[in-house]
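# Residue-level structural notes
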There are 2 protein chains.
Amino acid sequence: MDQVSLTLAEVTDLATRALMANGCNEANAAAVARNMTAAERDGCKSHGLFRVPGYVKSLRAGKIDGQAMPVVTHTGPCVVTVEGHGGLAPLAQEMGRQPLIEAARAQGMAALAIRRTHHYAALWPETEPLAEAGLVAMAFVNAPPYVAPAGGTKPFFGTNPMAFAWPRADGGAMVWDQASSMMARGEIQIAKRDGHDLPPGAGIDKDGNPTTDPAAVLEGAQLPFGGYKGGAIALMVDLLCGPLLGEVSSVEAGAADNRDGGPATGGELILAIDPAAFGGTDAIARGERLFTAMLEQEGVRLPGDRRHAARAQTPVGGIEIPKSLADTIHDLIG
Amino acid sequence: MDQVSLTLAEVTDLATRALMANGCNEANAAAVARNMTAAERDGCKSHGLFRVPGYVKSLRAGKIDGQAMPVVTHTGPCVVTVEGHGGLAPLAQEMGRQPLIEAARAQGMAALAIRRTHHYAALWPETEPLAEAGLVAMAFVNAPPYVAPAGGTKPFFGTNPMAFAWPRADGGAMVWDQASSMMARGEIQIAKRDGHDLPPGAGIDKDGNPTTDPAAVLEGAQLPFGGYKGGAIALMVDLLCGPLLGEVSSVEAGAADNRDGGPATGGELILAIDPAAFGGTDAIARGERLFTAMLEQEGVRLPGDRRHAARAQTPVGGIEIPKSLADTIHDLIG
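Here is a short report on the structure shown in this document. (Residues numbered from 1 in each chain as written. Chains lettered and ligands numbered in written order. Predicted model: local features only at pLDDT ≥ 70, side-chain atom pairs only at ≥ 80, totals over all residues. Heavy atoms only, no water.)

A few words on the relation of the copies chain B and chain A. Between the two copies, chain B and chain A, the superposition gives an RMSD of 0.0 Å; the rotation angle is 180° and the shift along the axis is 0.0 Å. In the structure described here, the two chain copies are related by an operation that fits a two-fold rotation axis. Rotation axis and chain B: the residue whose C-alpha lies nearest the axis is B:G226, separated from it by 1.8 Å. Counting the interface residues of chain B, we find that 100% of their copies in chain A are interface residues as well, pointing to one common contact surface. (Least-squares fit on C-alpha atoms with pLDDT ≥ 70 in both. Contact = heavy atoms within 4.5 Å.)

The next point concerns the sheet that holds strand β2 (residues 71–76) of chain B. Residues and elements named next belong to chain B. On the basis of which strands lie adjacent, the open sheet formed by seven strands has the order β2-β3-β4-β10-β5-β6-β7 and mixed pairing. Across the chains shown, the open sheet's two edge strands, defined by having one partner strand only, are β2 and β7 (173–178). Direction aside, the axes of adjacent strands within the sheet are offset by 15° on average. Sheet analysis places strand β5 (residues 136–141) next to strand β10 (residues 265–273), joined by six bridges and oriented antiparallel. By the bridge assignment, A137 is partnered in β10 with A272. Running at roughly 165° to strand β4 (residues 109–118), helix α4 (residues 89–107) makes contact with β2, β3 (79–88), β4 and β10 of the sheet. (Pairing = 2+ DSSP bridges. Helix = DSSP H or I, 4+ residues; strand = E, 2+ residues; numbered from the N terminus. Axes fitted to C-alpha atoms, helices over the stretch in contact; angles between N-to-C directions.)

All right, on to the sheet that holds strand β4 (residues 109–118) of chain A then. Residues and elements named next belong to chain A. Ordered by their spatial adjacency, seven strands build an open sheet running β2-β3-β4-β10-β5-β6-β7, and the pairing between neighbours is mixed. Looking at the sheet topology across the chains shown, the edges are occupied by β2 (71–76) and β7 (173–178). The average undirected angle you get between the axes of adjacent strands in this sheet is 15°. Both β4 and strand β10 (residues 265–273) contribute to a ladder of eight bridges, which runs antiparallel.

This brings us to helix α12 (residues 323–333) of chain A. One turn of an α-helix holds 3.6 residues; hence residues three or four places apart share an orientation. All names here are of chain A. Within α12, burial applies to L325, A326, I329 and L332. Each buried residue of α12 lies within a common arc of 120° when the element is viewed along its axis, so the set occupies one face. Of the surrounding elements, those touching the buried residues of α12 are β1 (3–6), α1 (8–20), α3 (52–60) and β11 (319–322). (Buried < 20%, exposed > 50% of the residue type's maximum accessible area, 1.4 Å probe, protein only. Arc of directions from axis to C-beta.)

Quick look at the pattern of salt bridges now. All told, the structure shown has 34 salt bridges over all chains when counted by the stated rule. With a closest N to O distance of 3.8 Å, A:E128 and A:R307 form a salt bridge. Separated by 179 residues along the polypeptide, A:E128 in helix α5 (residues 124–132) and A:R307 in helix α11 (residues 305–317) bring together distant segments of the chain. On the accessibility criterion, A:E128 (7% relative accessible area) is buried. Among the residues examined, A:R307 registers a relative accessible area of 9% and is labelled buried. For the salt bridge of B:R286 with B:D282, the shortest nitrogen-to-oxygen distance reads 2.8 Å. Look at B:R286 and you get buried, because its relative accessible area is 16%. Classification of B:D282 as partly exposed rests on a relative accessible area of 27%. Look at the salt bridges and you will find they share partners, linking A:R41, A:D42, A:E128, A:R307 and A:R311 into a network. (Salt bridge = Lys/Arg side-chain N within 4 Å of Asp/Glu carboxyl O.)

This part is about the packing of aromatic side chains. Per the stated rule, a full pass over the model turns up seven aromatic pairs over all chains. Taken together, a centroid distance of 5.0 Å and an interplanar angle of 80° make the contact between B:Y55 and B:Y120 edge-to-face. In this pair, B:Y55 is assigned in helix α3 (residues 52–60) and B:Y120 in the loop between β4 and α5 (124–132), connecting sequence segments 65 residues apart. Judged by relative accessible area, which is 14%, B:Y120 ranks as buried. Consider the rings of B:F164 and B:W176, whose centres lie 6.1 Å apart with planes at 35°: the pair is tilted. Here B:F164 is found in strand β6 (residues 162–167), whereas its partner B:W176 is found in strand β7, with 12 residues between them in sequence. Each member of the pair B:F164 and B:W176 is classed as buried. Stacked on the ring of A:Y146, the Lys or Arg A:R185 has its end atom at 3.7 Å from the ring centre. (Phe/Tyr/Trp six-rings, centres within 6.5 Å; stacked < 30°, edge-to-face > 60°. Lys NZ or Arg CZ within 6 Å of the ring centre and 35° of its normal.)

In structure tokens, the structure reads:
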């Protein structure tokens, strides 16, 4: 497949132009472009420029309001709420971040409840800055139904990812971010595009039969990771992002969506915990001891290692995307 | 195997007498017996009277202080801390419960940080009452190392369970409670006792080879559920219960433990979230809609269904334990 090389600055520029040419104001376009550039920088291709056509489809359809200005309020001493007004999640996340950090430091713990935004990205970009600010963070987001519940055969849950971030002694963060499904939706879409089979257990076809064909899984249902235990995580994520926030469940998000392939509207929950209110001053040192001991075993890595390795390289070496994707994005800019 | 029938009142009585005959005061014995009776009532054999010999071993060894009186303090506006002083987790949990509920209702969210207790039970008994009080709850506890990290071959994490509880419209709770390992430790111990094989993927022998022999897994290492994703959950649980609370990690708990088979000392984290501070008044109704839609799929059940079915039966029909276990407990009473 023909590839095109881009610097990270070119990634930002390309994403911003594509979004602004299709209805985004500068604040929304810049927030999404920052998110997308971080994904490309960290080698997360399925959340990088790959997402531009989906965003543009939904902006053109009027499903996403690219001009929306999120409104931040406090709905409890340790609850910050962002009303997204049908806009894009990255701007709402950025506007809620500092209030969340301040509330967590003041109260010991706080939550950021984001409503009525369109989330189409990874979860580590919004949890990593919290850990870099010294907080422990979790994030949850649901999505239209792609994943069968344990024992079932029809899509019910979104891939409903969850992320966890822990502050490191060097000011960085250990972050994991994983779908409740065995595979992320974007990974399956990329496997289909590139003609690769899926590993066994990733999904079932529309008749409920196991299959490794990505096209058949996209028409059928993905499966939770680890059987019913991953299904329990998917259910928790759905309850936390839908009902808890007065928002839609995966099934309701799907029913309300125009199915244009772009992100549906919905809720996101982010929790931030200040170690200072819990174990005193040595939480981070204790965490480092744990990581050091864990890495003594051969073959063991910390979550996020691959992202950090890419991050050390791409600011200098740039990134590559398929020429077909670059052409598509240029067409969308017009 | 010969079985003995007991009423739930007899379970409580037997547990209380065994604990009080081995160093527990009445408050501690009663709290543990309530927990154990709830497990037998709900058909969770591996957390019922099966646990008595392990508790007694550690009480006799002086590892657990059966007279300890937990001390409850507030270390942040929404953080309740219980110092357990080397006693048993159930009394610490019960003493922290009401302060946690009040803090969550006042602040929108709160945490209960339990330190220096010995946890040897399930997690649903401490999360279910929070959901019955109308709160969303999560709980995490770590344990001495039994589980290899993803990619590794040696025990590093405890089975590190996590629980989630959601309030139901009828005043009850939907609760799931699952180990980060493919199987709970108690299930493997019971498989060994009863001569059953384990399912593939549950663990490896001491040389790192996959095995279905429960004795070999108990000497080797258990494996996380769902591969590296379950391993990420185990890591999160370890960080939340150890470093965050100024407490020991799984590995440190193991190193400090006398390995008598009873529970090691460590931390437990419980989070409680008040839906009223988030989505307004319809969170529970939205949750019910989600459950109803989920159960429309044939073959799908809600987590905890088996426990609720047992709970409807055992108060009338009683429970059974192996005669050998009953004999052992009677011997421990002396």
